[in-house]
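Structural characterization, general
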Amino acid sequence: MPPDALLRLDGVTRRYGDHVAVAPTDLSIQAGDFFAILGPSGCGKTTLLRMIGGFVAPSAGTVWIDGADVTRLGPERRPSGMVFQNYGLFQHMTVRQNIAYGLKLRREPRARIDAAVDEMMDLVHLRHLADRPAPQLSGGQRQRVALARALILKPKVLLLDEPLAALDLKLRKTMHGELRALHQAIGGTFILVSHDQSEVMTLADRVAVMDGGRIVQEGSPRDIYTKPADAFVSTFIGEANVIPGIRRGGRIDLGPDARLDHAGRDGPVNIMLRPEQMELDPPSGAPSLEASVVDLIFLGPFTHLHCALDDGVRLLVHLESRKLATFPAPGGRVRLGWNPSEQLVLDAP
Ligand SMILES: Nc1ncnc2c1ncn2[C@@H]1O[C@H](COP(=O)(O)OP(=O)(O)OP(=O)(O)O)[C@@H](O)[C@H]1O
């Protein structure tokens with residue numbers, strides 16, 4: 001395994017009867033990464049995370065952590081810690097007791113446990129609640145206890161299974177900042193499972209996008225946003241306009257008329273453009289399409305223009321409000337264009 005990869009999966013697979021929850025998967029994660037596994041419900045991301053943590057046994061393949069084959073070890077014997085979606089706190093214990101629990105099991109000396117718990121409570125801003133019983137904590141406070149309880153054992157890899165899913169949007173945003181700060185303060189390796197693309201874009205330095213039990217693309221959030229591997233990834237990360245087209249020799253024809261014309265077709269393709277890459281009334285010579293305005297949403301600095309081509313394909317355009325001399329009216333016709341160097345041509349399935 002490469003010297004700097006802290007975690008490596010070689011052909012890790014999980015089947016339930018005939019159902020393949022995770023197809024044979026190879027993955028390397030470097031020490032210090034904040035890595036995210038992103039995908040829709042049922043794509044296999046939790047199963048993959050649980051195989052890393054030792055909570056689910058792989059049907060095939062090998063899990064390596066820090067150079068050791070841990071495939072057959074239970075969770076407590078792996079150098080990883082896990083934070084679950086429902087936190088799993090001990091309800092009859094206080095904050096301090098919950099955080100101390102793992103070190104007590106390890107029979108560490110009392111003074112060392114106290115010092116470590118104090119340090120953890122400072123890290124997650126809970127010192128003032130040290131003696132409060134778990135049932136009297138808010139969602140965000142419980143989440144912090146769960147994080148501290150896992151981190152106090154100094155895991156080489158911290159596994160986070162949708163850790164913020166139970167929190168409301170505002171608190172989730174606060175916790176994003178705290179998780180990032182925590183990752184930076186500790187310098188550890190975090191692996192987050194999430195179906196929330198904005199969470200992943202905010203937190204992770206590397207992302208694996210899963211679909212149907214497979215990793216379909218891996219890279220930095222920026223790579224995945226600017227160079228999505230296929231139409232699924234483009235619509236899953238960020239918003240995307242996917243315009244069906246026809247390849248004819250070296251040319252790509254778009255729009256309803258092109259799709260009806262069967263002359264000289266080589267095959268279907270999709271053009272992907274982000275909403276901010278499209279503009280109104282493009283200069284002559286730029287590729288463009290005519291569309292009807294469905295709706296117009298003014299959001300201060302930006303105006304979102306929802307349009308439809310004549311065959312029903314929907315397009316979303318983000319316009320800078322200050323650059324709009326007049327605002328298009330719903331029901332009206334507009335010409336939408338783009339810079340061809342920014343369009344991404346994806347093979348249509
Ligand atoms: N114990 C099990 N027995 C049978 N099938 C299972 C089991 N656990 C998971 N699966 C199936 O494996 C697939 C992947 O499940 P998994 O929980 O990993 O998905 P997920 O991407 O984490 O979804 P979610 O975001 O909804 O939690 C699903 O089709 C699920 O029904």
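All of these numbers come straight from a predicted model, not from anything done at the bench. (Residues numbered from 1 in each chain as written. Predicted model: local features only at pLDDT ≥ 70, side-chain atom pairs only at ≥ 80, totals over all residues. Heavy atoms only, no water.)

**Concerning the overall build of the protein**
Tallying secondary structure elements over the protein gives nine helices and 19 strands in all. For the protein, the C-alpha atoms occupy an extent of roughly 80 × 45 × 35 Å along the three principal directions. Within the protein, buried positions represent 47% of all 349 residues. Per element, the accessible surface of the protein, about 16900 Å² overall, is 51% carbon and sulfur. (Helix = DSSP H or I, 4+ residues; strand = E, 2+ residues; numbered from the N terminus. Buried < 20%, exposed > 50% of the residue type's maximum accessible area, 1.4 Å probe, protein only. Areas by Shrake-Rupley, 256 points an atom, 1.4 Å probe, with all protein chains shown as cover.)

**Side note on the sheet that holds strand 18 (residues 333–338)**
What the five strands build is an open sheet, ordered 14-18-15-16-17; its pairing is antiparallel. The open sheet has two edge strands, strand 14 (278–280) and strand 17 (314–320), and neither has a second partner. Taking the axes of each pair of neighbouring strands and ignoring which way they run, one obtains an average angle of 45° across the sheet. Bridge count between strand 15 (residues 288–298) and strand 16 (residues 302–308): six bridges; the pairing is antiparallel. (Pairing = 2+ DSSP bridges. Axes fitted to C-alpha atoms, helices over the stretch in contact; angles between N-to-C directions.)

**Observations concerning the UniProt feature "domain: ABC transporter" (unreviewed entry) in the protein**
Per the UniProt record, the feature "domain: ABC transporter" (unreviewed entry) sits at residues 7–237. In this annotation, residues 7–237 is assigned 36% helix and 27% strand; the end-to-end C-alpha distance for the span is 25 Å. (UniProt positions renumbered as here; feature names shortened; annotations may be inferred.)

**Details of the pairing of strand 12 (residues 251–254)**
Inspection of the sheet shows strand 11 (residues 241–248) paired to strand 12 by four bridges, in the antiparallel sense. Paired with R248 across the bridge in strand 12 is R251. In this antiparallel pair of consecutive strands, strand 11 and strand 12, the connection spans two residues, and G249 shows a positive phi of 60°.

**So, the site of the ligand**
In the neighbourhood of the ligand, the contacting residues comprise Y16, H19, A21, P40, S41, G42, C43, G44, K45, T46 and T47. In the environment of the ligand, an oxygen atom lies 2.6 Å from a nitrogen or oxygen atom belonging to the side chain of S41. Out of a free accessible area of 630 Å², the ligand has 57% covered by protein chains. Put simply, the parts of the chain that give the shell around the ligand at least two residues each are strand 2 (19–30) and helix 1 (45–53). Top contributing element to the shell around the ligand by residue count: helix 1, with three residues. (Near = heavy atom within 4 Å. Polar contact = N/O pair within 3.5 Å; in protein donor to acceptor, adjacent residues only side chain to side chain.)

**Thoughts on the pairing of strand 15**
Here strand 15 pairs with strand 18 via five bridges, running antiparallel. Paired with L289 across the bridge in strand 18 is L336. Turn length for the strand 15-strand 16 hairpin, with the two strands adjacent in sequence and antiparallel, is three residues, and the turn residue G300 shows positive phi of about 85°.

**A word on the nonpolar core**
Membership of the largest hydrophobic core comes to 46 residues, with the highest contact counts inside it found for V95, I99, L147, L158 and L160. No other element matches helix 4 (residues 139–151), which puts six residues into this core. Discounting residues that sit within four places of it in the chain, L158 has contacts with G81, V83, L147, A150, L151, T189, F190 and I191. Ranked by size, the runner-up nonpolar core spans 25 residues in total, among them V12, V22, M51 and V56. (Core = buried A, V, L, I, M, F, W, Y, C linked by side-chain atoms within 4.5 Å. Contact = heavy atoms within 4.5 Å.)

**Quick word on the sheet that holds strand 5 (residues 68–69)**
Strand order across the open sheet formed by four strands is 2-1-4-5, with antiparallel pairing between neighbours. Each having just a single partner strand, strand 2 and strand 5 make up the two edges of the open sheet. Sheet topology places strand 1 (residues 5–16) next to strand 2; eight bridges connect them, and they run antiparallel. Within strand 2, the residue paired with V12 across the bridge is T25. The sheet contacts of helix 1 involve strand 1, strand 2 and strand 4 (60–65), and relative to strand 1 the element is tilted by about 120°.

**Digging into the side chain of R149**
Looking at the secondary structure, you find R149 in helix 4. There is no salt bridge for the buried R149, and the closest opposite charge comes from D161, which lies 13 Å off by N-O distance. A polar contact is formed between the side chain of R149 and the backbone oxygen of G88, at a distance of 2.9 Å. Beyond its immediate chain neighbours, meaning those up to four positions away, R149 contacts Y87, G88, L89, F90, N98 and I99. (Lys, Arg positive; Asp, Glu negative; His and termini not counted. Salt bridge = Lys/Arg side-chain N within 4 Å of Asp/Glu carboxyl O.)

**Regarding the environment of V83**
For V83, the location among the structural elements is in strand 6 (residues 80–83). Considered as a pair, V83 and A60 are 23 residues apart in the sequence and their alpha carbons are 25 Å apart. V83 has contacts with Q143, A146, L147, A150, L158, L159, L160, D161 and P163, leaving out every residue within four places of it along the chain.

**Remarks on the environment of V317**
Mapped onto the elements of the fold, V317 is located in strand 17. Judged by relative accessible area, which is 0%, V317 ranks as buried. In the structure, V317 is positioned 19 residues away from L336 in sequence and 8.6 Å away in space, judged by C-alpha atoms. When neighbours within four sequence positions are excluded, V317 is seen to be in contact with P275, M278, E279, T303, H304, L305 and L336.

**A few points about the pattern of salt bridges**
Oppositely charged side chains can form a pair if their charged atoms are brought close together. Evaluated as defined, the whole model comprises 17 salt bridges. D118 is the salt-bridge partner of R96, the closest N and O atoms lying 3.3 Å from each other. Of this pair, R96 sits in helix 2 (residues 95–105) while D118 sits in helix 3 (residues 110–123), and the two are 22 residues apart along the sequence. Here R335 makes a salt bridge to E290, at a shortest N to O gap of 4.0 Å. Of this pair, R335 sits in strand 18 while E290 sits in strand 15; the two residues are 45 residues apart in sequence, bridging distant segments of the chain. The class for E290 is partly exposed, based on a relative accessible area of 40%. Here the residues in one salt-bridge network are R96, D118, D122 and R127, joined through shared partners.

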